[in-house]
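Chain by chain, the residues run as shown.
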Amino acid sequence: APLATIKQALSKATDGTTIVVKSGIYREPHFFVTKNNITIQSAPHAEVWLKGSEVVSSSSWTKEGDLWKSTGNYQNFCHVCTTNKNPDVEGVAAFPEQVFIDDEALEQVASKDQVTAGKFYVEDNTPTTLKVANDNTQGYNIGAQDEITYYVGSDPTTGTTEVSQRSRAFSVAGTVTGFKMKAINVAQYSPVQVWNFNDPTMSGIAGPMA
């Protein structure tokens, strides 16, 4: 009676449990490893992926001129949560959003008019802003989690299109020892750069982790 998610398996695990994962793509919410000497590994000859993205169906895209757009309740990522005190230093390079068509990454640009083949733009009408311009140490005006529009310059209906929606796959509690992960691929997660951002949907797990 296999379980559907790694998180479910961890809820039943005790110290020393090995969780064997069958082939597939697992798009799970963030989970914690809280027991000692836990091993999470792929089954023999299995290909296992933890992905921080969701597939966007072909029917979700509409044509607008030379572009395709999709509007929905996508994750409202922070664009000003950067390691540098002034987020403008890093610009678009610090934006967390990612789009993939058949596992090929598209390049994010700063405005809709810059979108061409292989590129995308994110339109957020209620973005997170800084309380003090050019200084993210003074805190954030956190934007609403509401509808966001993605514009892409390559036809997203010709393949499998994925949009990153989560920042972190899992965390191992600080007191835990002996954790092992074997032959598990992790891809397409999108953390913001700072630790101290309280995301409206992901709370304190929006920041980086390795």
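Preceding this section is the structure that the text describes.
What counts, and at which threshold
Residues numbered from 1 in each chain as written. Predicted model: local features only at pLDDT ≥ 70, side-chain atom pairs only at ≥ 80, totals over all residues. Heavy atoms only, no water. Pairing = 2+ DSSP bridges. Helix = DSSP H or I, 4+ residues; strand = E, 2+ residues; numbered from the N terminus. Core = buried A, V, L, I, M, F, W, Y, C linked by side-chain atoms within 4.5 Å. Buried < 20%, exposed > 50% of the residue type's maximum accessible area, 1.4 Å probe, protein only.

Caption draft 1: Molecular detail of the sheet that holds strand 10 (residues 104-105). Strand order in the open sheet formed by 4 strands is 6-16-9-10, with antiparallel pairing between adjacent strands. Each of the sheet's edge strands pairs with one partner strand only, and the pair in question is strand 6 (53-55) and strand 10. Where strand 9 (residues 99-101) and strand 10 come together, 2 bridges link them in antiparallel fashion. Paired with F100 across the bridge in strand 10 is A105.

Caption draft 2: Summary view of the nonpolar core. Residues I6, L10, V21, I40 and L50 are the most contacted members of the largest nonpolar core, which totals 19 residues. Counting residues per element, the ones that place at least two in this core are helix 1 (6-12), strand 1 (18-21), strand 3 (31-33) and strand 5 (48-51). Element by element, the count of residues in this core is highest for helix 1, at 3 residues. Within the second largest apolar cluster, 13 residues are counted, among which are W61, Y74, F120 and V152.

Caption draft 3: Molecular detail of the sheet that holds strand 7 (residues 62-64). Read from one edge of the open sheet, 5 strands run 7-8-15-12-11, paired in mixed fashion. The sheet terminates laterally at strand 7 and strand 11 (107-108), the two strands that pair on one side only. As judged from the 3 bridges shared by strand 7 and strand 8 (residues 67-72), these two strands associate in the antiparallel manner. Residue T62 lies in a different strand from strand 8, and its bridge partner there is K69.

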